[in-house]
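# Fold and geometry: a report
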Amino acid sequence: MGRPVILVHGLMTDGSVWAGLVADPPGPGLAMVRHDLPGHGGRPPGGAAGIAPFAADVADRIGALGAPAILVGWSLGASVALHLAATRPDLVAGLVLTAATPRLRAAVDFPDALAPARLDALAAGLAADYAGTAKAFCTGMAGRDRGVRDTLLAAALRADPAFAGATLRAAAGEDLRDRLGRITAPATVIAAADDTITPHAAQAGLARAIGARLETVADGGHAVLLTRPDLFRPALARALALCQ
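Scope of this entry: the structure provided in the associated data block. These numbers were taken from a predicted model, which means no experiment stands behind them.

## Thoughts on helix α4 (residues 116-128)
The first and last C-alpha atoms of α4 sit 18 Å apart over 13 residues, in line with the 18 Å expected at 1.5 Å per residue. Those residues of α4 that fall on the buried side of the exposure criterion are L119, L122, A123, G125 and L126. One face of α4 carries all of its buried residues, which in axial projection span an arc of 160 degrees. Away from the buried face of α4 by more than 90 degrees, exposed residues A117, A127 and A128 are located.

## Things to note about the pattern of salt bridges
Any two side chains of opposite charge can pair if their charged atoms end up close together. Here the structure, examined in full by the defined rule, presents 15 salt bridges. Ionic pairing is found between D175 and R103, a salt bridge with its closest N-O pair at 3.0 Å. Pair noted here: D175 is in the loop between α7 (161-172) and β5 (187-192) and R103 is in the loop between β4 (92-98) and α4, with a separation of 72 residues, a long-range link. Among the residues examined, D175 registers a relative accessible area of 23% and is labelled partly exposed. Between D230 and R228 there is a salt bridge, with its nearest N and O atoms 2.7 Å apart. Among the charged side chains, a salt-bridge network with shared partners connects R103, D109, D175 and R177.

## Topic: the sheet that holds strand β6 (residues 213-217)
The sheet built from six strands is open, its strands ordered β2-β1-β3-β4-β5-β6 with parallel pairing. Each edge of the open sheet is held by one strand with a lone partner, namely β2 (30-35) and β6. Strand-to-strand twist in this sheet, taken as the mean axis angle between neighbours without regard to direction, amounts to 20 degrees. In terms of strand pairing, β5 meets β6 through five bridges, oriented parallel. Directly across from A192, in β6, lies its bridge partner V217. Along the sheet face, helix α10 (residues 229-243) touches β1 (3-8), β2, β3 (69-74), β4, β5 and β6 and points at about 160 degrees away from the line of β4.

## Here's the deal with the pairing of β3
Counting buried residues along β3, six of its six residues qualify, which places the element largely inside the surrounding structure. One ladder, built from six bridges, connects β3 with β4; its direction is parallel. Bridge pairing links V72 to V96 in β4.

## Regarding the packing of helix α5 (residues 130-142) against helix α6 (residues 146-158)
Packing of α5 against α6 leaves a shortest axis separation of 9 Å and a crossing angle of 145 degrees. For the pair α5 and α6, the sense of crossing is right-handed. Each of Y130, A131, A134, K135, C138, T139, M141 and A142 in α5 lies in contact with α6, whose residues at this interface are V148, R149, L152, L153, A156 and L157. Of the residues that constitute the contact of α5 with α6, the class distribution is eleven nonpolar, one polar and two charged.

## A short note on the side chain of T98
Along the chain, T98 turns up in strand β4. Judged by its relative accessible area of 2%, T98 falls in the buried class. Not counting residues within four places of it along the chain, the set of residues in contact with T98 comprises G73, W74, S75, A78, I190, Q203, V224 and F232.

## Description of the environment of V217
If you trace the backbone, V217 turns up in strand β6. Owing to a relative accessible area of 6%, V217 belongs among the buried residues under this scheme. Residues V217 and G42, spaced 175 residues apart in sequence, show a C-alpha to C-alpha distance of 32 Å. Leave out the neighbours within four places in its chain, and V217 touches I190, A191, A192, A193, V224 and L231.

## Thoughts on unusual backbone geometry
We note that M12 has phi near 60 degrees; this positive angle belongs to a residue other than glycine. Following the sequence through the fold, M12 ends up in the loop between β1 and α1 (19-23). For M12, a relative accessible area of 1% corresponds to the buried category. Of note, A99 is a non-glycine position whose phi angle comes to about 55 degrees, a positive value. Mapped onto the fold, A99 is located in the loop between β4 and α4. On the basis of relative accessibility, which here comes to 3%, the residue A99 falls in the buried class.

Here is what the cut-offs are and how they apply
Residues numbered from 1 in each chain as written. Predicted model: local features only at pLDDT ≥ 70, side-chain atom pairs only at ≥ 80, totals over all residues. Heavy atoms only, no water. Helix = DSSP H or I, 4+ residues; strand = E, 2+ residues; numbered from the N terminus. Expected span 1.5 Å × (residues − 1). Buried < 20%, exposed > 50% of the residue type's maximum accessible area, 1.4 Å probe, protein only. Arc of directions from axis to C-beta. Salt bridge = Lys/Arg side-chain N within 4 Å of Asp/Glu carboxyl O. Pairing = 2+ DSSP bridges. Axes fitted to C-alpha atoms, helices over the stretch in contact; angles between N-to-C directions. Contact = heavy atoms within 4.5 Å. Left-handed = near helix turned anticlockwise from the far one by under 90°. Nonpolar A, V, L, I, M, F, W, Y, C, P; charged D, E, K, R; others polar.

Shape is all these values report; function is a separate question.
Spelled out as structure tokens, the structure:
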């Protein structure tokens, strides 16, 4: 087995978003491992929703593999990877983060984030009409690509609806900035210039805060790993090479 690379998905999705990278790894000597977070991918919730419990779940997976891993995190998964790298550096050989931010909810001292009203509306929509709200959210990320929309929506419908809502509320209340100074693993942030959920400015600021490389791709939005694999895959290959 090569160097383990743990792939951590975003909110309301699962390991299926990484299927292409698992089937065809972007570099030699890599063991690509999809990880479904609790309450996603058909897994039962099994406990509280939140960045810290999810990071503990990933830590258990790395422990079972028996060697420090490179973490590749998308969106929620990036937050989980950041927390784990800050609290258990012994488990993390490197970080590759995309659509990443230390804080999802905008604040006076953190304007490059989602407006509270937008987050609250999404949470309310998930509670009132999970399937309809998930479809609208996935369609927004996918743009005109119906295949990407269908992949995202199928994953969303495998998630536990109540737990997905709880996860959103927990993530919206997180602020990881106080932990960033503890991260020592080599890191790369892959940011789409047109991401409207985790704006490029927030991702660039994160990269500066943790001493990471910033690799900007021209477009692809929040789900760049799926909408522009032609841009994301080579960026990921470069980032993983620097972690080995």
